[in-house]
Amino acid sequence: MPSSPSYIRLLGGRLCLDFVNTTPLHSELSWEGLVLLLEANRIVSADRGAQLLALPQSDPPAAEGLLLKARRLSASLRKALTAMHRKHRIAAEWVEPINEILRITEGHDELIFEDGAWRMEFVAREGGLDWLLAAIARSAAELVAEGPKAPLRICANPQCGLFFYDKSRTHRRRWCSMSVCGNRSKVSTFARRHMGMPDAMRDARLCFTSRTSAVRLWTRDHSHAQTPAAPPKADASRARI
Ligand SMILES: [Zn+2]
């Protein structure tokens, strides 16, 4: 299995969730992000990925056309997923971009062995560029069709906002990644308990008392506050795509 590009983090547990997670909140999907996601999910090979990365230069209208469709799909899917997570109704206009891609792509289902179990995966027939979005649209359609019972979650770190499909045995997974948001929360909780004061007071005092440790804490705790829409610092590499 080819290794994923180092700054693509596949934490969503569903292709469509990783697709939406590729775009930071209040941002637009980039061409590079789209191509690297396709490569990380083995929808295209590394060689094909490299060709696609050069497409905006070699064939600007083709790349622009696909990117527009991908952005529309991503934005609509985020709305649909947010509604699903809140147990709200999903508007027809949000699923239309999914249906649009499903209508124009052909392919077949294939059994794939992953994580100790067989599952169905859609393999699109290659033709033009639209097929590149077919597996994402199929994944989105399957998730939307699962309805309100789908274990769709949003990371408990309010500054993170990544979607994930909770496949844990207890269905109580809280974080997109324990090693990123889970540990950050633990450190923050530990610091709060041991300092015994609200974050703002603690940090203000630390800035004047212990230069080295204070700067370290300030940097960690305020990395989000300075840029509310940005993902956690540890996710910065993913956020750049
Ligand atoms: Zn997170």
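Just above sits the structure.
Residues numbered from 1 in each chain as written. Predicted model: local features only at pLDDT ≥ 70, side-chain atom pairs only at ≥ 80, totals over all residues.

Enquirer: Help me understand the overall build of the chain in this model?
Expert: If you tally the helices and strands in the chain, you get eleven helices and four strands. In the chain, which comprises 241 residues, the proportion classed as buried is 31%. Sequence-distant contacts in the chain: of pairs separated by 6 or more residues, those separated by 24 or more amount to 57%. (Helix = DSSP H or I, 4+ residues; strand = E, 2+ residues; numbered from the N terminus. Buried ≥ 20, exposed ≤ 12 C-beta atoms within 10 Å, placed from the backbone. Contact = placed C-beta atoms within 7 Å.)

Enquirer: Quick question: what am I supposed to make of helix α2 (residues 31–40) here?
Expert: Since the α-helix packs 3.6 residues into each turn, any two residues three or four apart lie on the same face. Burial runs high along α2: eight of the ten residues are buried. When we look at burial in α2, the residues that qualify are Gly 33, Leu 34, Val 35, Leu 36, Leu 37, Leu 38, Glu 39 and Ala 40. Check the buried side of α2 and you find it contacts α1 (15–21), α3 (46–53) and α5 (60–85). Once α2 finishes, Arg 42 follows within two positions and takes phi at roughly 60°, a positive value.

Enquirer: Which parts of the structure should I look at to understand the pairing of strand β1 (residues 107–114)?
Expert: Consecutive side chains along a regular strand alternate between the two faces of the sheet. For β1, a buried count of zero out of eight residues is recorded, marking the element as mostly open to its surroundings. In this sheet, strand β2 (residues 117–124) lies alongside β1 in antiparallel orientation, the contact comprising eight bridges. Looking across to β2, one finds that His 108 is bridged to Val 123. In this antiparallel pair of consecutive strands, β1 and β2, the connection spans two residues, and Asp 115 shows a positive phi of 55°. (Pairing = 2+ DSSP bridges.)

Enquirer: When you look at unusual backbone geometry in this model, what are you seeing that I'm missing?
Expert: One can expect most non-glycine residues to show negative phi and most peptide bonds to be in trans. At Lys 87, a residue that is not glycine, the phi angle is positive and equals roughly 60°. Along the chain, Lys 87 falls in the loop between α5 and α6 (92–104).

Enquirer: Is there a simple way to explain the nonpolar core in this structure?
Expert: Generally speaking, a soluble globular protein has its nonpolar side chains buried in company with each other. Counting residues in each nonpolar core, the largest one holds 48 residues, and the members touching the most others are Cys 16, Leu 73, Leu 133, Ile 136, Ala 137, Ala 140 and Cys 176. Counting residues per element, the ones that place at least two in this core are α1, α2, α5, α6, α7 (134–146), β4 (163–165) and α8 (178–195). The element contributing the most residues to this core is α5, with nine residues. Apart from the residues within four sequence positions on either side, Ala 140 is in contact with Cys 16, Leu 77 and Ile 98. (Core = buried A, V, L, I, M, F, W, Y, C linked by C-beta atoms within 7 Å.)

The values reported here are purely geometric and, on their own, carry no functional implication.
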